[in-house]
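One-letter residues, chain by chain:
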Amino acid sequence: GAVVSQHPSRVICKSGTSVKIECRSLDFQATTMFWYRQFPKQSLMLMATSNEGSKATYEQGVEKDKFLINHASLTLSTLTVTSAHPEDSSFYICSARGAAAYNEQFFGPGTRLTVL
Amino acid sequence: QKEVEQDPGPLSVPEGAIVSLNCTYSNSAFQYFMWYRQYSRKGPELLMYTYSSGNKEDGRFTAQVDKSSKYISLFIRDSQPSDSATYLCAMIQGGYQKVTFGIGTKLQVIP
């Protein structure tokens, strides 16, 4: 299957700082990328969907000014958690979908964010 | 009622057992069904992808879809300790719609 990478895999930051997470599709062009959040013992919750070159579409209840998403190229999307607080601590996972396989999403390994 | 229901487990089985994992759903518009495996602190990995009702086999894994009952299953034959993970069912209406995930069933295969 297709490979999606995420960086960093783990980040610890102080409350009030901003954190950027990168998601890259390594061997295919991702026309759409998705950002999920997963709390312990809970399923993946979709935060937003981004198409290359367009503004992201956020799910209800997700603050777009807090979770900034940029999908500048067909292989890279970034999620910036601005002014992070302890309640933002979670496992953030991106996935990518190519134009050819419109239903298949390939997931990155996830980023563990801990806000102190 | 959640759109997708999945027993979170945990489910413990001895090595070599046949494992049955299940999900039910309420939205009859779902057309595509997936099973993902997620190891602890890792992203989900796509295992099986099915469209129509019936069975699809891939090695030790068999995915079963019954659209009339809104019920999907994943069977793992000759289970191995390396199969110990959380298994998430997922489904999509199609047409570039978003994926809806089950909560995941945690499986432990005991040597």
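Provided above is the structure to which this section pertains.
This is a predicted model, so every value here is computed, not measured.

A. Expanded view of the environment of Glu 104 of chain A. Within the secondary structure, Glu 104 of chain A is located in the loop between strand 9 (90-98) and strand 10 (106-107). When the C-alpha positions of Glu 104 of chain A and Ala 2 of chain A are compared, they lie 10.0 Å apart, and in sequence the two are 102 residues distant. Every residue in contact with Glu 104 of chain A, bar those within four places of it in the chain, is listed here: Ala 96 and Arg 97 of chain A together with Leu 46 and Tyr 49 of chain B.

B. A look at the layout of surface pockets. In this structure, the largest pocket spans a volume of roughly 640 Å³. With three residues, strand 9 (residues 85-92) of chain B is the largest single contributor of residues to the lining of the largest pocket. Split by residue class, the lining of the largest pocket holds nine nonpolar, eight polar and five charged. If you go around the second largest pocket, you meet 17 residues; those closest to its centre are Ser 43, Leu 44 and Met 45 of chain A together with Thr 100 and Phe 101 of chain B.

C. Representation of the interface of chain B and chain A in the model. Contact residues are listed per partner, giving 21 residues for chain B and 22 residues for chain A. Approximately 1700 Å² of surface area, both sides summed, lies buried where chain B meets chain A, with 55% of it carried by carbon and sulfur atoms. Here chain B is connected to chain A by zero salt bridges. The tally of links between chain B and chain A comes to four residue pairs in polar contact (both at pLDDT 80 or more). Counting only elements with at least two residues in the side of chain B that touches chain A, the list comes to strand 4 (32-38), strand 5 (45-50) and strand 9 of chain B. Residue contributions to the side of chain B that touches chain A peak at four residues, all from strand 4 of chain B.

D. Layout of the sheet that holds strand 7 (residues 61-66) of chain B. All names here are of chain B. If you walk across this open sheet you meet the five strands as 1-3-8-7-6, and the pairing is antiparallel. Lying at the two open borders of the sheet, with one neighbouring strand each, are strand 1 (4-5) and strand 6 (54-58). As judged from the six bridges shared by strand 7 and strand 8 (residues 71-76), these two strands associate in the antiparallel manner. For Ala 63, the partnering residue across the bridge sits in strand 8 and is Leu 74.

E. Spotlight on the side chain of Arg 37 of chain B. Residues and elements named next belong to chain B. Structurally, Arg 37 can be placed in strand 4. For Arg 37, a relative accessible area of 12% translates into the label buried. A distance of 3.5 Å separates polar atoms of two side chains, one belonging to Arg 37 and the other to Tyr 39. Leave out the neighbours within four places in its chain, and Arg 37 touches Gly 43, Pro 44, Glu 45, Leu 47, Phe 61, Asp 83, Ala 85, Thr 86 and Tyr 87.

Basis of the calculations
Residues numbered from 1 in each chain as written. Chains lettered and ligands numbered in written order. Predicted model: local features only at pLDDT ≥ 70, side-chain atom pairs only at ≥ 80, totals over all residues. Heavy atoms only, no water. Helix = DSSP H or I, 4+ residues; strand = E, 2+ residues; numbered from the N terminus. Contact = heavy atoms within 4.5 Å. 1 Å grid on protein atoms, 1.4 Å probe; cavity = no way out; pocket = protein on both sides within 12 Å on 5 of 7 lines; lining within 4 Å. Points joined across faces, edges and corners; volume = space filled by probe spheres on them. Nonpolar A, V, L, I, M, F, W, Y, C, P; charged D, E, K, R; others polar. Buried area = accessible area lost by both parts, 1.4 Å probe. Salt bridge = Lys/Arg side-chain N within 4 Å of Asp/Glu carboxyl O. Polar contact = N/O pair within 3.5 Å; in protein donor to acceptor, adjacent residues only side chain to side chain. Pairing = 2+ DSSP bridges. Buried < 20%, exposed > 50% of the residue type's maximum accessible area, 1.4 Å probe, protein only.

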